[in-house]
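What the coordinates show
Spelled out from the first residue to the last, the chains are:
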Amino acid sequence: MSILKQKLREKILIERPRTEKLLKEYGNVKVDDVTIGQIIGGMRDIKSLVTDISYLDPFEGIRFRGFTIPEVLEKLPKVAGKDMPSVEAFFYLLLTGDIPTAAEVDAVHVEFNNRKEVPKYVYDVLRAMPKDSHPMTMFATGIMSMQKDSIFVKEYHKGIKKGDYWEAYYEDSMNLLAKLPELGAFIYRLKYRNGDVIAGDPKLDFGGNFAKMMGIDKPYDDIARLYFILHSDHESGNVSAHTGHLVASALSDIYYAISAMLTGLAGPLHGLANEEVLRWLHGVMDSMGGKIPTEDEMKKFVMDTLDSGKVIPGFGHAVLRKTDPRYTAQREFCLKYLPEDPIFKYVDLLYKVVPEILLAKGKAKNPWPNVDAQSGVIQWHYGVKEYEFYTVLFGIGRALGVCSNIIWARALGYPLERPKSLTTAMLEEVAAGKK
Ligand code: CMX
């Protein structure tokens, strides 16, 4: 058994009694009240999910396994000669809750390396798709095409015990995650570089190998590591994480769950916002003839967008009530590596003008920027100018967190998810105090 799987098994045996005790002895303890506003309003803030992989405080932002983003970047072992930790180290942390040693990171690298070859039939499927397919559609389809290789499905048919489900989900997750850099880079090269595919290098880590297969020099390797880490998880209620969790709760395997997760991520109110930000900014740049607008000019563009009934992409959040620390981490990267980039200047100008306008409008509960406001700028600067591709990068990262959550959900025996619905008439009766 691999070092990571062995460690995970030890942790699962420690954690299971906690969940069992809560269920058995405190199952009837009330956690929350639910209002009609929450039921109609997308279930905002209803405390009804559990995860230990990450926690999102509205004011502090995300903590992965208890660590803030600066702590994660500082404490995890770095790739030799690089500024960023490896994705392998971060995944070990997500899955086990522990900071790995260098040897443990190497073991994850070996495990990914042994599983990373994407089957040829996946490429045949992707090549057969219409040329104008969105990269997110290609990404989800590529993953779906591998579903036939699910270990869980085979084990389930053989009659695997419920307590062992997690092991099959672990194997499927490792098999899938290991292939995502190659799959993502293949889609990019197929769609935007005439199918001129670049081979990976088994010596490189997850992020470094992705940069190589994309065909982009340093510091893009560190950018890839940072991206995949920042986008990995945002507790369980966001559309992509929740979709993955929900689908897997039916014991659909990891291929089904992660492709479903991606289709949720592909909406403009969620992961696609990073594409929308760049599209919107280029509209602004075009109408300015490329020059940096004054604050007043930028305010006018923002007002025009709002007046036309659109949202300002990259601003606002369903949970956060301050600037997203994922935005801040990327802003710091921009200040260090690309302070003079014109699009970065646009983004920085937006940071100055948008919150004030959204506050004055009084609708958005959070006027501050989220992760998607910055992520496209860095990609554009380093040559990934095809903004439709940006959500694929988000998806590779998000799969790390959602796979971790799903493995743990099976390990702790979480059941099929099935909330209850009411009719509008029933809500009216509740409102009238009749029920
Ligand atoms: N621009 C304009 N209006 C906004 C806004 C924005 N950036 N953010 C929120 N609002 C509006 C909402 O559309 C809503 O208006 P209506 O009542 O007319 O529908 C109102 O303010 C209240 O919304 P809210 O409770 O503050 O926000 P929600 O929880 O409903 O939605 C989010 C959150 C992210 C979808 C929303 O802020 C938004 O549309 N932002 C722009 C898209 C975006 O950046 N998405 C990426 C989020 C991060 C991610 O998941 O990747």
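Residues numbered from 1 in each chain as written. Predicted model: local features only at pLDDT ≥ 70, side-chain atom pairs only at ≥ 80, totals over all residues. Heavy atoms only, no water.

1. Quick look at the packing of helix 7 (residues 135-145) against helix 9 (residues 165-192)
To keep things clear, this is the line we draw: Axis lines are fitted through C-alpha atoms, for helices just across the contact stretch, and the angle between N-to-C directions can take any value from 0 to 180 degrees. Only runs of H or I of at least four residues qualify as helices and only runs of E of at least two qualify as strands under DSSP, and these elements are numbered from the N terminus. By definition in this entry, angles of less than 35 degrees are roughly parallel, angles greater than 145 are roughly antiparallel, angles of 65 to 115 are roughly perpendicular, and the rest are oblique. Two helices that cross are described as forming a left-handed crossing if the nearer one is turned anticlockwise from the farther one by less than a right angle, and a right-handed crossing if clockwise. When checking whether two residues touch, look at their non-hydrogen atoms; a contact exists if any pair is within 4.5 Å. All residues other than Ala, Val, Leu, Ile, Met, Phe, Trp, Tyr, Cys, Pro, Asp, Glu, Lys and Arg, Gly among them, are scored as polar; the first ten of these are nonpolar and the last four charged.
Orientation of helix 7 relative to helix 9, taken along the N-to-C sense of each, is 140 degrees, at an axis distance of 10 Å. Overall, the two elements helix 7 and helix 9 adopt an arrangement that is oblique. The way helix 7 lies across helix 9 gives a crossing that is right-handed. Residue-level inspection shows Pro135, Met138, Phe139, Gly142 and Ile143 of helix 7 in contact with helix 9, the latter providing Leu176, Leu180, Leu183, Gly184, Ile187, Leu190, Lys191 and Tyr192. Per-class residue counts for the contact of helix 7 with helix 9 are ten nonpolar, two polar and one charged.

2. Considerations on the domain arrangement of the protein
Buried accessible area, meaning the area lost when the parts come together, often serves as the stated size of an interface. The condition is simple: Where each domain starts and ends follows an automatic or database-derived domain assignment.
Considered domain by domain, the protein is made up of domain 1 (36-48 + 423-435) and domain 2 (273-381). Placing the centre of domain 1 and that of domain 2 at their C-alpha centroids yields a distance of 35 Å.

3. Some details on the pairing of strand 2 (residues 61-64)
As a reminder of what qualifies: Any two strands between which DSSP finds at least two bridges are classified as paired.
Bridge count between strand 1 (residues 54-57) and strand 2: four bridges; the pairing is antiparallel. Bridging across to strand 2, tyrosine 55 finds its partner in arginine 63. Linking strand 1 back to strand 2 in an antiparallel pair, the connection comprises three residues.

4. Quick word on the site of the ligand
Where we set the bar: Only a single heavy atom is needed: when it lies within 4 Å of a molecule or strand, its residue is near that molecule or strand. N or O atoms within 3.5 Å of each other form a polar contact, as long as, within protein, one can give a hydrogen and the other can take it, and as long as residues adjacent in sequence are counted only when both atoms are side-chain atoms. Note on areas: Shrake-Rupley with a 1.4 Å probe; residue coverage comes only from the protein chains shown.
Residues in contact with the ligand amount to 21 residues; listed here are only the nearest, His270, Gly314, Phe315, Lys365 and Asp372. In the model, an oxygen atom of the ligand is placed 2.7 Å from a nitrogen or oxygen of the glycine 314 main chain. Measuring from an oxygen atom of the ligand, one finds a side-chain N or O atom of asparagine 370 at 3.0 Å. Taking 890 Å² as the accessible area of the ligand by itself, protein coverage stands at 76%. Tallied by class, residues from the shell around the ligand come to eleven nonpolar, six polar and four charged.

5. Observations regarding the nonpolar core
Operational definition: Each nonpolar core is a collection of buried residues, namely Ala, Val, Leu, Ile, Met, Phe, Trp, Tyr and Cys, held together in the definition by side-chain atoms within 4.5 Å. Categorising residues by exposure relies on relative accessible area from a 1.4 Å probe, with only protein chains included: less than 20% of the type maximum marks a residue as buried, more than 50% marks it as exposed, and the intermediate range marks it as partly exposed.
Ranked by internal contacts, the top residues of the largest apolar core, which has 128 residues, are Phe210, Tyr220 and Phe228. Examining the composition of this core, we find that 15 residues originate from one element, helix 9, more than from any other. Among residues more than four places away in sequence, those in contact with phenylalanine 210 are Pro181, Gly184, Ala185, Tyr220, Ala224, Phe228, Phe389, Leu393 and Ile396.

6. Looking at the packing of helix 7 against helix 13 (residues 254-265)
Close contact between helix 7 and helix 13 brings their axes to 8 Å; oriented N to C, the two are set at 170 degrees. With respect to helix 13, the element helix 7 is oriented roughly antiparallel. Of the residues in helix 13, those touching helix 7 at Met136, Phe139, Ala140, Ile143 and Met144 are Tyr255, Tyr256, Ile258, Ser259, Leu262, Thr263 and Leu265. Partitioned by chemical class, the residues of the contact of helix 7 with helix 13 number ten nonpolar, two polar and no charged.

7. Comments concerning helix 5 (residues 102-115)
Condition: To estimate how far a helix should extend, the number of its residues minus one is multiplied by 1.5 Å.
Between the first and last C-alpha of helix 5 there are 20 Å, a value that for 14 residues agrees with the 20 Å anticipated at 1.5 Å per step. Those residues of helix 5 that are buried are in contact with helix 1 (3-26), helix 4 (87-96), helix 9 and helix 10 (206-214).

8. Things to note about helix 19 (residues 390-411)
For an α-helix, the turn length of 3.6 residues means that residues three or four places apart are oriented alike. Basically, it comes down to this: Note on bend: the value at a residue is the angle between axes fitted to the seven residues ending there and to the seven starting there.
With 22 residues, helix 19 extends 32 Å between its outermost C-alpha atoms, agreeing within 8% with the 32 Å of an ideal straight helix rising 1.5 Å per residue. A maximum bend of about 30 degrees is found in helix 19 at arginine 398. Counting buried positions along helix 19 gives 22 out of 22 residues, so the element sits mostly inside the fold. Remark: glycine 413 follows helix 19 within two positions and exhibits a positive phi of approximately 70 degrees.

9. A closer look at the environment of proline 339
Within the element layout of this structure, proline 339 appears in the loop between helix 16 (325-337) and helix 17 (342-361). The exposure class assigned to proline 339 is partly exposed, which follows from its relative accessible area of 33%. In this structure, the C-alpha to C-alpha distance between proline 339 and aspartate 324, residues 15 residues apart in sequence, is 20 Å.

10. What to know about the packing of aromatic side chains
Threshold: Here a pair means two rings of Phe, Tyr or Trp (six-membered ring of Trp) with centres within 6.5 Å. Their orientation is stacked below 30 degrees between planes, edge-to-face above 60, and tilted elsewhere. Counting as a charge over the ring demands two things of the Lys NZ or Arg CZ atom: a distance within 6 Å of the ring centre and an angle within 35 degrees of the ring normal.
Enumeration according to the criterion identifies 16 aromatic pairs in this entry. With a centroid separation of 5.3 Å and an interplanar angle of 70 degrees, the aromatic rings of phenylalanine 210 and phenylalanine 228 are classed as edge-to-face. In this pair, phenylalanine 210 is assigned in helix 10 and phenylalanine 228 in helix 11 (residues 220-230), connecting sequence segments 18 residues apart. The pair phenylalanine 210 / phenylalanine 228 is uniform in exposure class, with both members buried. By the ring-pair criterion, three or more aromatic residues cluster together here, those being Phe91, Phe112, Phe206, Phe210 and Phe228. The ring of tyrosine 169 carries the charged tip of arginine 410 above its face, separated from the ring centre by 5.7 Å.

11. Digging into the side chain of glutamate 235
Operational definition: Counted as positive: Lys and Arg. Counted as negative: Asp and Glu, with His and the chain ends omitted from the count. Any carboxyl oxygen of Asp or Glu that lies within 4 Å of a side-chain nitrogen of Lys or Arg is treated as forming a salt bridge with it.
Summarising the element assignment, glutamate 235 is placed in the loop between helix 11 and helix 12 (239-249). Lysine 47 provides the closest opposite charge to the buried, salt-bridge-free glutamate 235, at an N-O distance of 9.8 Å. In this structure the side chain of glutamate 235 is engaged in a polar contact, spanning 2.9 Å, whose partner is the backbone nitrogen of leucine 56. Leave out the neighbours within four places in its chain, and glutamate 235 touches Thr51, Ser54, Tyr55, Leu56, Ile62 and Ala241.

12. Section: the pattern of salt bridges
Per the counting criterion, the structure on display carries 31 salt bridges. Among the salt bridges present, the one from arginine 115 reaches glutamate 171, with a minimum N-O distance of 2.8 Å. Taken together, the residues arginine 115 in helix 5 and glutamate 171 in helix 9 connect sequence positions 56 residues apart. Each member of the pair, arginine 115 as well as glutamate 171, is classed as buried. The partner of lysine 148 in a salt bridge is aspartate 149, and the shortest N-O contact between them spans 2.9 Å. With a relative accessible area of 54%, lysine 148 lands in the exposed category. Several salt bridges converge on common partners, so that one network encompasses Lys5, Arg9, Glu111, Arg115, Glu167 and Glu171.

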